[in-house]
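Structural overview for review
Each chain, letter by letter, is given below.
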Amino acid sequence: TGGAYIDTFGDTDVIESIKDLPTNDQIEVITAMCEAGLAIGDQMESASPADISFWPIHPNLERIWMIKKLSGTFTNETWPT
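Residues numbered from 1 in each chain as written. Predicted model: local features only at pLDDT ≥ 70, side-chain atom pairs only at ≥ 80, totals over all residues. Heavy atoms only, no water.

**Some thoughts on the overall build of the protein chain**
Spelled out, the test is: To qualify as a helix, a DSSP run of H or I must reach at least 4 residues; to qualify as a strand, a run of E must reach at least 2; elements of each kind are numbered from the N terminus. Burial classes: relative accessible area under 20% of the type maximum marks a residue as buried, over 50% as exposed, and values in between as partly exposed (1.4 Å probe, protein chains only). Residue exposure ignores everything except the shown protein chains as possible cover, and the areas themselves are Shrake-Rupley values with a 1.4 Å probe.
Each helix and strand counted, the protein chain has 4 helices and 0 strands in total. Starting at the N terminus, the α and β elements of the protein chain follow one another as α-α-α-α. Out of the 81 residues in the protein chain, the part that is buried amounts to 6%. Of the roughly 6900 Å² of accessible surface on the protein chain, a fraction of 62% belongs to carbon and sulfur atoms.

Structure below.
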């Protein structure tokens, strides 16, 4: 119906909102979306749980991190400077 992206992510409200904008604003919004540094799967914002890749990745990384901490082999949690 609405294409693979809309069928998968259900962004019909976003599409309709963009359609309601004047043409120049539509071009500006779509250009910004296409040229943004972040893409689906980046996990760089609070909306990452809405990304389908979040759920298989996040719990597994949490498990690995906890196993490392419990085993005593992960002793330094500081970021390199």
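**Some thoughts on a nonpolar patch on the surface**
Stated precisely, the cut-off is as follows: Patch members must show over 30% relative accessible area and no salt bridge, and they are joined within 9 Å when carrying like charges or within 5 Å when they are nonpolar side chains of Val, Leu, Ile, Met, Phe, Trp or Tyr. Whenever a carboxyl oxygen of Asp or Glu lies within 4 Å of a side-chain nitrogen of Lys or Arg, that contact is scored as a salt bridge.
Taken together, the side chains of W65, M66, L70 and F74 define a hydrophobic patch exposed on the protein surface, amounting to about 390 Å² of accessible area. Positionally, L70 belongs in helix α4 (residues 54-71). Overall, L70 belongs to the exposed group, its relative accessible area being 69%.

**Observations regarding the pattern of salt bridges**
What the rule picks out here adds up to 1 salt bridge. The partner of E16 in a salt bridge is K19, with the nearest N and O atoms 3.6 Å apart. Here E16 pairs with K19, and both are found in helix α2 (residues 12-19), just 3 residues apart, close to one helical turn. Under the relative-accessibility criterion, E16 is labelled partly exposed at 41%. Exposure remark for K19: the relative accessible area of 53% places this residue in the exposed category.

**Observations concerning the environment of T31**
We count it as follows: A 3.5 Å cut-off defines polar contacts: any pair of N or O atoms within that distance qualifies, except that in protein one atom must be a possible hydrogen donor and the other a possible acceptor, and neighbouring residues in sequence count only when both atoms are side-chain atoms.
One can find T31 in helix α3 (residues 23-35). Within polar-contact distance, the side chain of T31 engages the backbone oxygen of I27 at 2.7 Å.

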